[in-house]
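Architecture and fold: a report
Residue strings, one per chain:
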Amino acid sequence: RPAQPIDEQTVANPDEWPSWGRTGTETHYSPLDEIDAGNVDVLKLAWHFDLEPGYSPSTPLMAEGKVFFTTGHSHIRALDAVTGKLLWEYDGGTRERATSALQMSWGSKGIAYDAGHVFLVTTDGYVVSLDAKTGKEAWKTYDYPDASPRNSNGPPRVFGGKVIVGFGGADISPARGFVTAYDARTGQRAWRFYTTPGDEVEPVNRKAEEVMRKTWPGGWKKPDGSRRGGGGTAWNAFSYDAELHLVYLGVGNGFPYNQQLRSPDGGDNLFLSSIVAVDVDTGAYKWHYQLCPAEQWDCTATADMTLATLEIDGKERKVLMQAPKNGFFYVIDRSNGQFISAEKIAKVSWAERIDRKTGRPVENPGIRYNGKPGMFEMWPGPTGAHSWMPQAYSPQTGLVYVPVMDMGALIGDAPKGGGGGGEIAAGMGVTLIPEVELPGGHRSYLKAWNPVTQSEAWRVDLPGSWPGGVMASGGGLVWQGQIDGKFVARDARTGKELWSFKTESPIVGAPITYRVNGRQYVTVITGSGGQGAGMQSLGNAAYRTDYRLPRRVLTFALDGKDTIPPFTLPALVPPEDPGFQPDLARAQAGAMLFGTRSCIVCHGWNAVGGGAAPDLRYSPTITDAATFRTIVKEGGLKLNGMPPFPQFTDEDLETLRFYLRSRAQAAPGEQKALLEKAKAARVSNAKPQDFAGRWNITIQSPVGPQKAVMDLKVVGSVVTGIVTAEQGKVDVAGAVKDGRAKFEGKASMPMPITIKYDVTVRDGQLVGDNANGPFGTFPVTGVRP
Ligand SMILES: O=C(O)c1cc(C(=O)O)c2c(n1)C(=O)C(=O)c1cc(C(=O)O)[nH]c1-2
Ligand SMILES: [Ca+2]
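Treat the numbers as computed from the prediction; the structure is a model and nothing was measured. (Residues numbered from 1 in each chain as written. Chains lettered and ligands numbered in written order. Predicted model: local features only at pLDDT ≥ 70, side-chain atom pairs only at ≥ 80, totals over all residues. Heavy atoms only, no water.)

**A word on the overall build of the chain**
- In terms of helices and strands, the chain carries eight helices and 48 strands.
- Across the 785 residues of the chain, 62% fall into the buried class.
- A total accessible area of about 28,500 Å² is found for the chain, and carbon and sulfur atoms account for 52% of it.
- Of the side chains in the chain, 83 bear a positive and 83 a negative charge, and the two mean positions are spaced by 3 Å. (Helix = DSSP H or I, 4+ residues; strand = E, 2+ residues; numbered from the N terminus. Buried < 20%, exposed > 50% of the residue type's maximum accessible area, 1.4 Å probe, protein only. Areas by Shrake-Rupley, 256 points an atom, 1.4 Å probe, with all protein chains shown as cover. Lys, Arg positive; Asp, Glu negative; His and termini not counted. Charge placed at Lys NZ, Arg CZ, Asp CG, Glu CD.)

Encoded structure:
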């Protein structure tokens, strides 16, 4: 007997996987059970298809005996589902156009299928229908109304004969968010639902406009008539209940983040950070539930929304379940938007709980940063406890399988005059340091969550900090790829690993399963992408994520007979740069350009590549000014997916290039220290006295190695000492426990911050972490003089 009722909508059409979440219920569940917990251990590769380097965090589809998928820049392909043979391919043309939309993204995560057609949205906003037999265009239309920065990375869906399309951009632009439905047969626009108020009002949605306007008491305009704020982009999640005739829209954060700038008279600012239900035919508003009223920290409701029927308190409820960025797991009634329950699924500091009666969060006052000095430790940070990587729900177990992250950030009011400690969001009226290394951060898990009792059934610690999407199947299995390249099948009841396959490349996209001629297949696309492959690269830096690693479509079956050739990635060696002279101030100026002009989005935090684009520390292009200019400013590599950045001045380019050259110098030492740190994170049996005395230490800061001398005294388990560096002396104090010494002190340069050390002694060397407040945490090593 299944743990929960099985919805007809969820198990319909079992042989195919025709939509992102398989059906409109977005459960990422298939009832197929030929492969089960008893035989999965003999699962073998049936076929593979080689992909070019680049972006591939995508989920494929299967319909009419073909596997359809998108990778890179809207490169769509159809393969024979049994043999993996290429049937047709189509290029969305985004590389040739190379618009600014590409500066924020490489490509989309998925496509849609309906009635003999494949649907895609290109990163730069074209919505296209292709004949599924030939790959020829059936219709093509353009989604954006004006030139505001937008990009479309999320998968379109076809629900009730409408192609549902959203876009992103609320982190960079005040554009008004909306979702558009196009008739799947003709491409004609059926409706457009706006998610923040504005001048243009669709007649059918006068009511929605009224609901929204009440919550923006001062309006959305500046006195000069220009748009003060907006946002509310629906960049990822939609689901569909065919019986209720409702499409659910997952709506994102506001622009700017700072509510005092966006909406100075306050208000909840609907439909930011909300789940909104609309009629599938007309787009008419039915109900909404807002996660973060008066959102001001990139709080979004854009994680997938899983529909199921659950027995709660003896009653069958039609629910919608979402684990959004904000760290709670929500269960709401999808017929009317009524709040049912929410509990924490990750480390959360922004709110204490969600009030049962009102469904509103009980916030921690520190989170409203306006006018407050200092920075607030916000868990989860804007990366979220759960991003777009799909969760799965199995009615067999009644559990939801969520790829969860623990990642904190620092948030505070906008600095007067801007600049300072590496903030990346001053333009949003807020100081936000998303990639700060806080204890307990950069972790990821697969959590099996019971939505009825709102409690964890089991969890598995995953490698790295960017967990793969999840699929559940009827044979009692959950499937997930990992950043270390392992593709794993687990027992859905216990989490026990039952089978795994080592691939050459990290995996982020969710797997699918389908059946042809009575045989069940499981398909996954390897390769990385999204935030974890770019901006959030540090948590994965101990793993191989290089964008040149072989990426593939891999398909498995019980009688598979395919193999893949072994691969060795050439050693990572920075280019020779004999003329390089260090210059800290210039490197820091370049770091600001790198961090604030989108480079970081694809090329990684501190220029540590995460697999979305080349790791520039190892690129020969950074040692030649003319080559660098041709590529960055003029689009010399636009056909590889590097868009031009005409806005850079020649001086900017040279400053940026200088920063990258500094990073190249630091790379080998940093990589070694990083691997040593990963080793040191394991248990240590160092004794307190092992730490005493003088150490010559090296801190691997992003702008190059910094040397200092550390003198430590140890009495019992108490540590005191002095760290002497070029910038001055810091008195430190702390203790040794479980083989690790943790101590800290206050530094006044370049601003008052607490410096913390967390180190151990291994093979006569000091190894560990050095945390520098908002500047970040860096590996530290020490040797005896
Ligand atoms: O506010 C927005 O419009 C918007 C758009 C997108 C996007 O388009 O992918 C992301 C986000 N926000 C965002 O906050 C976020 O964490 C994020 C992660 C990713 C990704 O692809 O991994 N996209 C986005
Ligand atoms: Ca956002």
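We are not done yet, so read on.
**What to know about the sheet that holds strand S11 (residues 157-159)**
- If you trace the four strands from one edge of the open sheet to the other, you get S11-S12-S13-S14, paired in antiparallel fashion. Edge positions in the sheet fall to S11 and strand S14 (189-194), since each of these pairs with one other strand and no more. Recorded for the sheet is a direction-independent mean angle of 25° between the axes of neighbouring strands. (Pairing = 2+ DSSP bridges. Axes fitted to C-alpha atoms, helices over the stretch in contact; angles between N-to-C directions.)

**Focus on helix H7 (residues 625-632)**
- Among all positions in H7, only Phe 628, Ile 631 and Val 632 are buried. Down the axis of H7, the smallest arc covering the buried residues is 85°, so these residues share one side. (Arc of directions from axis to C-beta.)

**Remarks on the state of the cysteines**
- Going through the model one piece at a time under the given rule, you end up with one disulfide.
- Cys 292 shares a disulfide with Cys 299; S-S distance 2.1 Å. One disulfide, between Cys 292 and Cys 299, carries an S-S torsion of 60° and so falls in the right-handed class. Each member of the pair, Cys 292 as well as Cys 299, carries the same accessibility label: buried.
- With no disulfide of its own, Cys 599 lies 9.4 Å from the sulfur of Cys 602, the closest cysteine sulfur.
- A relative accessible area of 11% means that Cys 599 is categorised as buried.
- Overall, Cys 602 belongs to the buried group, its relative accessible area being 9%. (Disulfide = S-S within 2.5 Å.)

**A short note on the sheet that holds strand S37 (residues 497-502)**
- With mixed pairing, five strands are arranged side by side in an open sheet as S1-S34-S35-S36-S37. Because the sheet does not close on itself, it has two edges, and the strands there are strand S1 (29-30) and S37.
- Both strand S34 (residues 470-473) and strand S35 (residues 477-481) contribute to a ladder of four bridges, which runs antiparallel. Within the sheet, the bridge partner assigned to Ser 473 lies in S35 and is Leu 477.

**Considerations on the coordination of the calcium ion (ligand 2)**
- Listed as protein donors to the calcium ion (ligand 2) are Asp 171 (OD), Asp 171 (OD), Asn 253 (OD1) and Asp 298 (OD); their distances from the metal cover 2.3 to 2.7 Å.
- Considered as a linear motif, the donors of the calcium ion (ligand 2) on their single chain read D-x81-N-x44-D. In this pair, Asn 253 is assigned in the loop between strand S17 (246-250) and strand S18 (254-255) and Asp 298 in the loop between strand S20 (285-290) and strand S21 (306-312), connecting sequence segments 45 residues apart. A single burial state applies to Asn 253 and to Asp 298, both of which are buried. (Donors = N, O, S within 2.8 Å, 3.2 Å for Na, K, Ca; no water.)

**Let's talk about the site of ligand 1**
- Lining the immediate environment of ligand 1, one finds 18 residues, of which Gly 169, Thr 233, Lys 325, Trp 388 and Gln 531 sit closest.
- One of the side-chain N or O atoms of Asn 153 is found 3.0 Å from an oxygen atom in ligand 1.
- Compared with its free state, where it exposes 470 Å², ligand 1 has 92% of that area covered by protein.
- A class-by-class count of the residues in the shell around ligand 1 yields five nonpolar, nine polar and four charged.
- In terms of domain composition, the shell around ligand 1 takes at least three residues from each of domain 1 (1-52 + 390-401 + 446-566) and domain 2 (60-179). (Near = heavy atom within 4 Å. Polar contact = N/O pair within 3.5 Å; in protein donor to acceptor, adjacent residues only side chain to side chain. Nonpolar A, V, L, I, M, F, W, Y, C, P; charged D, E, K, R; others polar. Domains from an automatic or database assignment.)

**Re the confidence of the model for the chain**
- Confidence in the prediction for the chain averages 93 pLDDT; 97% of positions are at 70 or higher.
- Taken together, the stretch residues 419-423 has pLDDT below 50 and engages in nine contacts with residues farther than four places along the chain or on a different chain. (pLDDT = per-residue confidence, 0-100. Contact = heavy atoms within 4.5 Å.)

**With respect to the domain arrangement of the chain**
- Its domain assignment divides the chain into domain 1 (1-52 + 390-401 + 446-566), domain 2 (60-179), domain 3 (584-675) and domain 4 (682-783).
- Computed over C-alpha atoms, the centres of domain 2 and domain 3 are 29 Å apart.
- With nine residues of domain 2 in contact, the opposing surface of domain 3 contributes 13 residues.
- For the pairing of domain 2 and domain 3, the buried interface totals around 1,000 Å² over both sides, and the portion due to carbon and sulfur atoms is 59%.
- Our count for the contact surface shared by domain 2 and domain 3 stands at zero salt bridges.
- At the boundary of domain 2 with domain 3, the tally comes to three residue pairs in polar contact (both at pLDDT 80 or more). (Buried area = accessible area lost by both parts, 1.4 Å probe. Salt bridge = Lys/Arg side-chain N within 4 Å of Asp/Glu carboxyl O.)

**Considerations on unusual backbone geometry**
- Here Leu 270 and Phe 271 are connected by a cis peptide whose omega angle stands at -5°.
- Tracing the chain through its elements places Phe 271 in the loop between helix H4 (259-262) and strand S19 (274-279).
- Here the amide bond leading from Trp 379 into Pro 380 is cis, since omega sits at -15°, within 30 degrees of zero.
- Mapped onto the secondary structure, Pro 380 falls in the loop between strand S27 (376-378) and strand S28 (392-394).

**Let's talk about the pattern of salt bridges**
- The full count for this structure, using the stated rule, is 41 salt bridges.
- We note a salt bridge from Glu 295 to Arg 262, for which the minimum N-O separation is 3.8 Å. With Glu 295 in the loop between S20 and S21 and Arg 262 in helix H4, this residue pair connects regions lying 33 residues apart in the sequence. Arg 262 shares its class with Glu 295; the two are buried.
- In this structure, the salt-bridge partner of Glu 670 is Arg 663, at a minimum N-O distance of 2.9 Å.

**Here's the deal with the packing of aromatic side chains**
- Inspection of every chain in the model, using the stated rule, returns 33 aromatic pairs.
- Seen in terms of ring centroids, Phe 167 and Phe 178 are 4.8 Å apart; in terms of plane orientation they differ by 70°. Their pairing is edge-to-face. Placement of the pair is Phe 167 in the loop between strand S12 (162-165) and strand S13 (178-183) and Phe 178 in strand S13, with a sequence separation of 11 residues.
- Through pairs of rings, three or more aromatic residues link up here, namely Tyr 126, Tyr 142, Tyr 144, Phe 167, Phe 178 and Tyr 194.
- A cation over an aromatic ring shows up here: Lys 447 above the ring of Tyr 445, its NZ or CZ 4.8 Å from the ring centre.
- Directly above the ring of Tyr 445 sits Arg 459, whose terminal nitrogen or CZ lies 5.0 Å from the centroid. (Phe/Tyr/Trp six-rings, centres within 6.5 Å; stacked < 30°, edge-to-face > 60°. Lys NZ or Arg CZ within 6 Å of the ring centre and 35° of its normal.)

**A few points about the environment of Lys 746**
- By the secondary structure assignment, Lys 746 is in strand S45 (residues 740-747).
- Considered as a pair, Lys 746 and Asn 772 are 26 residues apart in the sequence and their alpha carbons are 9.9 Å apart.
- Residues in contact with Lys 746, not counting those within four places in the same chain, are Val 730, Asp 731, Ile 753 and Thr 754.
- Of note is the side chain of Lys 746, whose polar atom sits 3.2 Å from the side chain of Thr 754.

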